[in-house]
Amino acid sequence: MFERRHLLGLEGVSAEEITFLLDSAESFKEVSEREIKKVPTLRGRTVVNLFYESSTRTRTSFEIAAKRLSADTINLSASASSASKGETLTDTARNLAAMRPDAIVVRHPSAGAPHLLARHVDCPIINAGDGAHEHPTQALLDLLTIRSHKGQIAGLTVAIVGDLLHSRVARSNLFGLRTMGARVRFVGPPTLVPPQFADLGAELVNDLHEGLRDADVIMMLRIQRERMNGRYFSSLDEYSRLYCLSVDAVAKARRDVIILHPGPMNRGVEISSTVADGPYSVIMDQVTNGVAVRMAALYVLVGRRRGIEADDGEHSTRDAGTAGGRTAGAAALPLRRAAAAE
Amino acid sequence: MRVLQSDPPSRVVLDAAGVGRALARIAHEVVERNKGIVDLGIIGIRSRGDHLALRLQGEIRKLEVEEVPFGAMDITLYRDDITRGADHAVIKSTEIPWVVDGKTILLVDDVLFTGRTIRAALDALMDFGRPRAIQLAVLVDRGHRELPIRADYVGKNLPTQHSEKVQVRLRETDGIDEVAILPPPSAAPAGAALPPAARPARRA
């Protein structure tokens, strides 16, 4: 059951809610395998993709997900939007809201931007990445990938390696994985693994080989070159010597380890090509699962907003109360959490 | 504390033996009408239609040498009333591991009521291909159609009031084979509403 109005992050989302989203996503996978990859579920609904940061994978994935549910999609990027003319995020959001979209998917360089939007518009907001804060659908697709390969998430040891400091993927995964009962190790140089992460339940390890020992899952993070200017390590060369996921490093993990990467990959920097294309890699599964997870999120947040009487009486007695009640009762995550995570 | 007279009386209209006989008869009718089972496929609508479909497949197997291919469909995504997560729970999988093109499809559901579920199922089926024909088998037809849809095979015709609930329970999901009519909730004495936990698994 997922009763929230928005999907802003995985912090505070319960195991039941996550399981519900993953189970739904599992069923949506089948739609993408059909010859006609479309169901009429969200016919007549409009989904706005509002991207203030460049993105290929996530934006395409959301757009395909919406289209496979028959929703109309509109893509707005920062360069083409009135943000480049000086409009504030709130004003942009209000104007969009006045055009009555049924959901807004937003990516923004500032943590908390989706939460701000959620307070100013009356349609569901899906966070597609806010600064270094959260990226919930990425974590959900990672969880789905892990679950389908390992059967369950509880009890697994997951090593997340690389630039944890700047990674919203790592934060969302940390919340999701901990909630689902996995052990999470953050592995990287001390400059990129601040000690505060320990308070959120991660084990912090600086040595790659040590961090990978007996891991069931290795999740590599991209070294965000655009954020590195010699402050966090002396050179890419040095970083890759110490932290590049090589065949030798993988050997430290369990024999049935799976390797994830949210993309885009820097081959030869954080992951060797041999490993990226090797048998343990489930990176392409992640991309496939991404569409299913986003279909589930859109279905859950957008699909159930309409309140027409059910035909076979299964729900009719409860219809009247739910539509309005949900709207009023669902609260956005408080913004201070976003600030705290930065 | 339990108030005894608060439980509205439910009326069993089909017991386990009745359900079994109905399915056996439908199997015979299907084979007779289609002059065998060439190019026949069975698809059940989740949840419960799929179990009935599997049983029909078994009944037909007793009459014919070949096995009729089986599939199951979740039609939630095709409904005209997609709403609230409340009871819609998780979307279940659709599995039709064979080509529907050119086949005669026997669509199976537990209760035929307004016809909207079947409308959705027809739409869903068309997205999988172009069947030669579609026939409909239901365990119970309770009337009150809102769309021009009829069943080809009916286990039991059950005249009901619109406000009554028809409850189908099956071994696979509920541990017992039984069809019962439940009176409308308002017919119960004041203050006697069933607690949520006591709500039957499915009312149709």
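Residues numbered from 1 in each chain as written. Chains lettered and ligands numbered in written order. Predicted model: local features only at pLDDT ≥ 70, side-chain atom pairs only at ≥ 80, totals over all residues.

### Quick notes on the overall build of chain B
Reasoning step 1: Within chain B, the regular secondary structure consists of four helices and eight strands.
Reasoning step 2: From first element to last, N terminus to C terminus, chain B shows the α and β order β-α-β-α-β-β-α-β-β-β-α-β.
Reasoning step 3: Counting all 204 residues of chain B, 42% fall into the buried class.
Reasoning step 4: Restricting to contacts in chain B with at least 6 residues of sequence separation, those with at least 24 account for 71%. (Helix = DSSP H or I, 4+ residues; strand = E, 2+ residues; numbered from the N terminus. Buried ≥ 20, exposed ≤ 12 C-beta atoms within 10 Å, placed from the backbone. Contact = placed C-beta atoms within 7 Å.)

### Observations regarding the overall build of chain A
Reasoning step 1: The number of helices and strands found in chain A is 13 helices and nine strands.
Reasoning step 2: Within chain A, contacts between residues at least 6 apart in sequence are counted, and of these 75% link residues at least 24 apart.

### Considering the domain arrangement of chain A
All names here are of chain A.
Reasoning step 1: Assigned domains within chain A: domain 1 (15-135 + 288-331) and domain 2 (136-285).
Reasoning step 2: On the side of domain 2, 22 residues touch domain 1, which itself brings 22 residues to the contact.
Reasoning step 3: Listed by contribution, the elements that provide at least two residues to the side of domain 1 that touches domain 2 are helix H1 (15-32), strand E4 (125-130) and helix H11 (283-302).
Reasoning step 4: Here the side of domain 1 that touches domain 2 gets six residues from one element, more than from any other, and that element is H11.
Reasoning step 5: Within the side of domain 1 that touches domain 2, the residues separate by chemical class into ten nonpolar, eight polar and four charged. (Domains from an automatic or database assignment. Nonpolar A, V, L, I, M, F, W, Y, C, P; charged D, E, K, R; others polar.)

### A closer look at the sheet that holds strand E7 (residues 203-205) of chain A
Residues and elements named next belong to chain A.
Reasoning step 1: Strand order across the open sheet formed by five strands is E7-E6-E5-E8-E9, with parallel pairing between neighbours. Of all the strands in the sheet, the pair left with one neighbour each is E7 and strand E9 (258-260). Neighbouring strand axes in the sheet, compared pairwise and without regard to direction, differ in orientation by 20 degrees on average.
Reasoning step 2: Of the pairings in the sheet, the one linking strand E6 (residues 183-187) to E7 comprises three bridges and is parallel in character. By the bridge assignment for E7, Arg 185 is matched with Glu 203. (Pairing = 2+ DSSP bridges. Axes fitted to C-alpha atoms, helices over the stretch in contact; angles between N-to-C directions.)

### As for helix H2 (residues 49-63) of chain B
All names here are of chain B.
Reasoning step 1: Taking 1.5 Å per residue as the helical rise, H2 with its 15 residues ought to reach 21 Å, and the 21 Å between its terminal C-alpha atoms agrees with that figure.
Reasoning step 2: Those residues of H2 that fall on the buried side of the exposure criterion are Gly 49, Asp 50, Leu 52, Ala 53, Arg 55, Leu 56, Gln 57 and Ile 60.
Reasoning step 3: The inward-facing, buried residues of H2 contact helix H1 (16-33), strand E2 (40-45), strand E3 (70-73), strand E4 (104-112) and strand E5 (133-141). (Expected span 1.5 Å × (residues − 1).)

### Topic: helix H3 (residues 116-128) of chain B
Given 3.6 residues per turn, any residue in an α-helix points the same way as the ones three and four places further on.
All names here are of chain B.
Reasoning step 1: The first and last C-alpha atoms of H3 sit 19 Å apart over 13 residues, in line with the 18 Å expected at 1.5 Å per residue.
Reasoning step 2: Contacts made by the buried residues of H3 are with E2, E3, E4 and E5.
Reasoning step 3: Trailing H3 by a residue or two, Gly 129 shows a phi angle of about 150 degrees, which is positive.

### With respect to the confidence of the model for chain A
Reasoning step 1: Looking at chain A as a whole, its pLDDT mean stands at 87, while 87% of the residues score no less than 70.
Reasoning step 2: Counted against residues more than four places away or in other chains, residues 306-342 of chain A, with its pLDDT under 50, gives 73 contacts. (pLDDT = per-residue confidence, 0-100.)

### A word on the packing of helix H5 (residues 136-150) of chain A against H11(A)
Residues and elements named next belong to chain A.
Reasoning step 1: Between H5 and H11, the shortest axis-to-axis distance is 8 Å and the interhelical angle comes to 120 degrees. Judged on the interaxial angle alone, H11 and H5 are oblique. In the crossing of H5 with H11, the sense of the turn from one axis to the other is right-handed. Listed contacts from H11 to Thr 137, Leu 140, Leu 141, Asp 142, Leu 144 and Thr 145 of H5 are Asp 285, Gln 286, Asn 289, Gly 290, Val 293, Arg 294 and Ala 297.
Reasoning step 2: Considering only residue class, the contact of H5 with H11 consists of five nonpolar, five polar and three charged. (Parallel < 35°, antiparallel > 145°, perpendicular 65-115°, else oblique. Left-handed = near helix turned anticlockwise from the far one by under 90°.)

### Observations concerning the nonpolar core
All names here are of chain A.
Reasoning step 1: Counting 147 residues, the largest nonpolar core has Ile 104, Ile 160, Val 161, Ile 218 and Leu 298 as the members making the most contacts within it.
Reasoning step 2: The leading source of residues in this core is H11, at eleven residues.
Reasoning step 3: Formed jointly, this core draws a minimum of three residues from each of two domains, domain 1 (15-135 + 288-331) and domain 2 (136-285).
Reasoning step 4: Contacts of Ile 104, omitting those with residues within four sequence positions, involve Val 48, Leu 50, Leu 96, Leu 117, Val 121, Cys 123 and Ile 125. (Core = buried A, V, L, I, M, F, W, Y, C linked by C-beta atoms within 7 Å.)

### Considerations on the sheet that holds E2(B)
Residue and element names in this part refer to chain B.
Reasoning step 1: If you walk across this open sheet you meet the five strands as E3-E2-E4-E5-E6, and the pairing is parallel. A single partner strand is all that each edge strand has here, and the edge strands are E3 and strand E6 (153-157). Strand-to-strand twist of the sheet, defined as the mean angle between neighbouring strand axes without regard to direction, takes the value 25 degrees.
Reasoning step 2: For E2 and E3, the ladder comprises four bridges, and the chain directions are parallel. For Gly 44, the partnering residue across the bridge sits in E3 and is Ala 72.
Reasoning step 3: Where H1 meets the sheet, its contacts fall on E4, E5 and E6, and the angle it forms with E6 comes to roughly 150 degrees.
Reasoning step 4: In the packing of H3 onto the sheet, contacts are made with E2, E3, E4 and E5, and the angle to E4 comes to roughly 155 degrees.

### Remarks on the pairing of E2(B)
Residues and elements named next belong to chain B.
Reasoning step 1: Within E2, six of the six residues are buried, which leaves the element mostly enclosed by the surrounding structure.
Reasoning step 2: Of the two faces of E2, both are covered, the one formed by Leu 40, Ile 42 and Gly 44 as well as the one formed by Gly 41, Ile 43 and Ile 45.
Reasoning step 3: Relative to E4, E2 is paired through five bridges, and the arrangement is parallel. Across the sheet, residue Ile 42 finds its bridge partner in E4, namely Leu 106.

### Notes on the packing of helix H2 (residues 57-68) of chain A against H11(A)
Residue and element names in this part refer to chain A.
Reasoning step 1: One way to put it is that H2 packs onto H11 with a least axis distance of 8 Å and a crossing angle of 55 degrees. As the angle between them shows, H2 and H11 are arranged oblique. The handedness of the crossing between H2 and H11 is right-handed. Contact residues: H2 offers Arg 57, Ser 61, Phe 62, Ile 64, Ala 65, Ala 66 and Arg 68, while H11 offers Val 287, Gly 290, Val 291, Arg 294, Met 295 and Leu 298.
Reasoning step 2: Residues that form the contact of H2 with H11 fall into these classes: eight nonpolar, two polar and three charged.

### Details of the environment of Ala253(A)
All names here are of chain A.
Reasoning step 1: Secondary-structure assignment places Ala 253 in the loop between helix H9 (247-250) and E9.
Reasoning step 2: In this structure Ala 253 comes out as buried when scored by C-beta crowding, with 23 C-beta atoms within 10 Å.
Reasoning step 3: Sequence spacing of Ala 253 and Val 217 is 36 residues, and the spatial spacing of their C-alpha atoms is 8.2 Å.
Reasoning step 4: The contact partners of Ala 253, leaving out residues within four places of it in the chain, are Leu 212, Asp 214, Ala 215 and Ile 218.

### Observations concerning unusual backbone geometry
Residues and elements named next belong to chain A.
Reasoning step 1: Backbone torsion omega between Gly 263 and Pro 264 reads -10 degrees, so that peptide bond is classified as cis.
Reasoning step 2: Its location among the elements puts Pro 264 in the loop between E9 and helix H10 (273-276).
Reasoning step 3: One non-glycine residue, Ser 70, lies in positive phi territory at about 70 degrees.
Reasoning step 4: Turning to its location among the elements, Ser 70 is positioned in the loop between H2 and strand E2 (72-77).

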